[in-house]
Amino acid sequence: MLRIAVMVSGGGTNLQAIIDGVKDGTITNTEIVGVISNNRNAYALKRAEENGIPSLCVSPKDYETREIFNEKLLEAVDGLQPDLIVLAGFLVVIPPAMIQRYRNRMINIHPSLIPSFCGKGYYGLKVHEAALARGVKVVGATVHFVDEGTDTGPIILQKAVEVEQGDTPEVLQRRVMEQAEWKILPRAIDLIANGRVRVEGNKTVID
Ligand code: GRF
């Protein structure tokens, strides 16, 4: 049984997709052992509570320095003894020590087809604003392992989504969530839970 810890900062719709996937069998061999947020007001924490999943808030605001916060965050994660960490809209920079300890055991969902519209400054609506400004006809989402870079780790799954005439950033964001994020993140977790993802260099092999 794969023990997963989900890290969130906002509404938690990706967390909800994971919760629903475990319930309906889309995600097999997996247990959500905890949800951690940096934002005590994150609705994602309410979703965890409503589903009987242990949750906790570790906020940088509660610690004098970023170093102390980083230590406390890693302590909280280790305390859950996860096999896999899932960043589902987690907006805090991951401490280097955590990236090392969970190398190839930490995944992130990014709302674009990496390497487009990713890297520093590309998160949330900003991704979709940039896509619309560039006039691309296809966008999408990517699940990837987390390494020391920003959105640079080995790609696991991607799914394309059509841009429609008149799309606003909000409308496009919602379509990418519904048609891509909420599908490929659960699928990636299920593949990992069943030992079907291998990392070879900067790429993955899905068996
Ligand atoms: C999603 O758009 C995800 O791609 C990005 O942050 C957002 C999180 O949304 N990383 P939610 O909290 O899962 O609703």
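Each remark here, short or long, concerns the structure printed above.
Residues numbered from 1 in each chain as written. Predicted model: local features only at pLDDT ≥ 70, side-chain atom pairs only at ≥ 80, totals over all residues. Heavy atoms only, no water.

**Q** When you look at the sheet that holds strand S3 (residues 55-57) in this model, what are you seeing that I'm missing?
**A** In any sheet, the strands associate via hydrogen bonds between backbone groups, in a parallel or an antiparallel arrangement. The sheet built from seven strands is open, its strands ordered S3-S2-S1-S4-S5-S6-S7 with mixed pairing. Pairing within the sheet leaves two strands with one partner each, and these edge strands are S3 and strand S7 (155-162). Shown here is a sheet whose adjacent strand axes are inclined to one another by a mean of 20°, direction ignored. When strand S1 (residues 2-8) meets strand S2 (residues 30-37), the two strands line up parallel, connected through seven bridges. (Pairing = 2+ DSSP bridges. Helix = DSSP H or I, 4+ residues; strand = E, 2+ residues; numbered from the N terminus. Axes fitted to C-alpha atoms, helices over the stretch in contact; angles between N-to-C directions.)

**Q** I keep staring at the pattern of salt bridges and nothing clicks. Help me out?
**A** For side chains of opposite charge, pairing can occur when their charged atoms come near one another. Tallied over the full model, the rule gives nine salt bridges. Ionic pairing is found between Arg103 and Glu148, a salt bridge with its closest N-O pair at 2.6 Å. With Arg103 in the loop between helix H4 (96-101) and strand S5 (106-110) and Glu148 in the loop between strand S6 (138-145) and S7, this residue pair connects regions lying 45 residues apart in the sequence. For Glu200, the salt bridge goes to Arg198, with nearest N and O atoms at 2.7 Å. When its relative accessible area of 46% is taken as the criterion, Glu200 is described as partly exposed. Linked through salt bridges whose partners overlap, the residues forming this network are Glu164, Asp167 and Arg175. (Salt bridge = Lys/Arg side-chain N within 4 Å of Asp/Glu carboxyl O. Buried < 20%, exposed > 50% of the residue type's maximum accessible area, 1.4 Å probe, protein only.)

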